[in-house]
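These are the residues of each chain, in order.
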Amino acid sequence: MSEATTGRGCDPFYAGDLAVIGRVSTASNLTLVCEIGPDGTVRESASDAGVRVVYKPVRGERPLWDFPDGTLAGREVASYLVSRALGWTVIPETILREGPLGPGMVQRWVESVDNHTERGDRLDLVDLVPAGAVPEGFREVLRAVDGAGAEVSLVHADDPRLQRMAVLDVLLNNADRKGGHALEGLDGTVYGVDHGICLHTEPKLRTVLWGWAGEPVEQELITDITAFVEALPGTIGDSLAEHITDEEIDALLTRGRRLRDDPVMPLPRTSRPIPWPAF
Ligand SMILES: Nc1ncnc2c1ncn2[C@@H]1O[C@H](COP(=O)(O)OP(=O)(O)O)[C@@H](O)[C@H]1O
Ligand SMILES: [Mg+2]
């Protein structure tokens, strides 16, 4: 049964007409920004209280040799289901539904903080600073040379909201946590987006959030993971099975048990542990 028919009332997010208002130009797959009018019809003016979403039609997916099963849209939905089942609010609500270019994933838009304003004196959650100049409250991930040839440090905030996302990435086996995929919402929540290449069976964790590697995971998060691991073989597993393979669900269970039994942030294990470009 689709999410649109499971009693979500008349929230236009689930079935309202999507009007495409823009394309995210840096995206490698087709990623569209859409709006839905308040009564489910196409939004007529910016003053309407509509719903803004990201829409990635399955048809716009570039095939990936190492993710041959299912769809990237399905992996985004499965990742959201994991975040929700944990009781975490890391991933904005994400569903599979129809859109103007056919079925795809639709995700609620996050209004996020803009730190790089003209007055700009705050760093983003993940940012670049001059080499070695790591500010208080940040952790260094690596040193590199930027586009202009200057030596820089890649840093991320030492922020529990971001660390929860890093723990989720370990569970999801996220192969693409770039800096631009961590958004600081105006509502004070830190959100993660772009989970199309998650949940593979083989270790593929590729992230900019290595600042906590080898450090203990908060007990509160482990309590949630413990409950998740117990509940996974039931209805959560059933809903995941609509989007990922049984082997991938088993691998998720194994990663969850491993974190529960040894609650430490993993060290990099692959040859390319940091996505590039990093943003
Ligand atoms: N739900 C969202 N809310 C706000 N901004 C988003 C959302 N999803 C994506 N974006 C923005 O769009 C950019 C591209 O989206 P992303 O999901 O990374 O697409 P792709 O899979 O094509 O890389 C992100 O880096 C982010 O800035
Ligand atoms: Mg992306």
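All values derive from a computational prediction rather than experimental measurement.

What counts, and at which threshold
- Along each chain, the written sequence defines residue order, and numbers are assigned to residues from 1.
- For naming, the first written chain is A and the first written ligand is 1, with later ones following in the order written.
- Under the rules for a predicted model, residues below a pLDDT of 70 receive no local features and side-chain atom pairs below 80 are neither given nor counted, while totals for whole chains, interfaces and linings still include all residues.
- Side-chain measures were taken over the full set of non-hydrogen atoms in the model, leaving aside hydrogen atoms and water.
- The criterion for strand pairing is that DSSP finds at least two bridges linking the strands in question.
- Here a helix means four or more residues in a row that DSSP labels H or I, a strand means two or more in a row labelled E, and each is numbered from the N terminus.
- Geometry is summarised by axes, namely lines fitted to C-alpha atoms with helices restricted to the contacting stretch, and by angles between N-to-C directions that run from 0 to 180 degrees.
- As a per-residue measure, pLDDT tells how confident the predictor is, with possible values from 0 to 100.
- The contact criterion used is simple: two residues touch if any of their non-hydrogen atoms lie within 4.5 Å.
- For patch building, the residue pool is restricted to those with more than 30% relative accessible area and no salt bridge; the joining distance is 9 Å between like charges and 5 Å between nonpolar side chains (Val, Leu, Ile, Met, Phe, Trp, Tyr).
- The Shrake-Rupley method, run with a 1.4 Å probe sphere, supplies the accessible areas, and residue values consider only the shown protein chains as cover.
- Only one rule defines a salt bridge in this text: a Lys or Arg side-chain nitrogen within 4 Å of an Asp or Glu carboxyl oxygen.
- In this tally, Asp and Glu contribute negative charge and Lys and Arg positive charge; neither His nor the terminal groups of the chain are included.
- The location of each charge is read from NZ of Lys, CZ of Arg, CG of Asp or CD of Glu.
- Angles are sorted into four bins: roughly parallel if under 35 degrees, roughly antiparallel if over 145, roughly perpendicular if 65 to 115, and oblique for all others.
- Polarity classes work like this: nonpolar for Ala, Val, Leu, Ile, Met, Phe, Trp, Tyr, Cys and Pro, charged for Asp, Glu, Lys and Arg, and polar for all others, with Gly in that last group.
- Coordinating donors are taken as N, O and S atoms within 2.8 Å of the metal, stretched to 3.2 Å for Na, K and Ca; because water is absent from the atoms, sites can appear incomplete.
- Exposure is judged per residue with a 1.4 Å probe applied to protein chains only, and the accessible area is read against the type maximum: over 50% gives exposed, under 20% gives buried, and values in between give partly exposed.

1. Structural notes on the sheet that holds strand β7 (residues 138-145)
A sheet is described by the order of its strands in space; here three strands give the open sequence β6-β8-β7, paired in antiparallel fashion. Whereas interior strands pair on both sides, the edge strands pair on one side only; in this sheet they are β6 (126-130) and β7. This sheet shows a mean twist of 30° between the axes of neighbouring strands, independent of strand direction. In the sheet, β7 pairs with strand β8 (residues 151-157) via seven bridges, with the strands oriented antiparallel. Counted as the bridge partner of Val145 is Glu151 from β8.

2. Considering the confidence of the model for the protein
On average, residues of the protein carry a pLDDT of 92, and 93% of them reach 70 or more. Contacts for the low-pLDDT stretch residues 1-6, under 50 throughout, to residues beyond four places or in other chains number six contacts.

3. What about a negative patch on the surface?
Taken together, the side chains of Asp69, Asp246, Glu247 and Asp250 present a region of like negative charge at the surface. Its place among the elements puts Asp246 in helix α5 (residues 246-261).

4. Brief notes about the packing of helix α3 (residues 160-172) against α5
The interhelical angle for the contact between α3 and α5, taken along N-to-C directions, is 135°, at an axis separation of 8 Å. One way to sum up the angle between α3 and α5 is to call them oblique. From α3, Val167, Val170, Leu171 and Leu172 reach across to α5, where they touch Leu252, Arg255, Gly256 and Leu259. Residues that form the contact of α3 with α5 fall into these classes: six nonpolar, one polar and one charged.

5. Digging into the coordination of the magnesium ion (ligand 2)
Only His181 (NE2) and Asp194 (OD) from the protein reach the magnesium ion (ligand 2) as donors, at distances of 2.1 to 2.3 Å. Placement of His181 in the loop between α3 and β9 (182-184) and of Asp194 in the loop between β10 (190-192) and α4 (219-240) is noted, with a sequence separation of 13 residues between them. What makes His181 buried here is its relative accessible area of 10%.

6. Considering the sheet that holds strand β5 (residues 104-108)
The strands making up a sheet associate through backbone hydrogen bonding, with each pair oriented either parallel or antiparallel. Across the sheet, which stays open at both edges, the five strands sit in the order β1-β2-β3-β5-β4 with antiparallel pairing between neighbours. Each edge of the sheet is formed by a strand with only one pairing partner; in this case those strands are β1 (19-23) and β4 (94-97). For this sheet, the mean inter-axis angle between neighbouring strands, taken without regard to orientation, is 35°. Where strand β2 (residues 32-36) lies against strand β3 (residues 51-57), five bridges are found, and the strand directions are antiparallel. When the sheet's bridge partners are listed, Ile36 is paired in β3 with Val51. In this fold helix α2 (residues 72-85) packs onto β3, β4 and β5, with an angle of close to 140° to the strand it touches most, β4.

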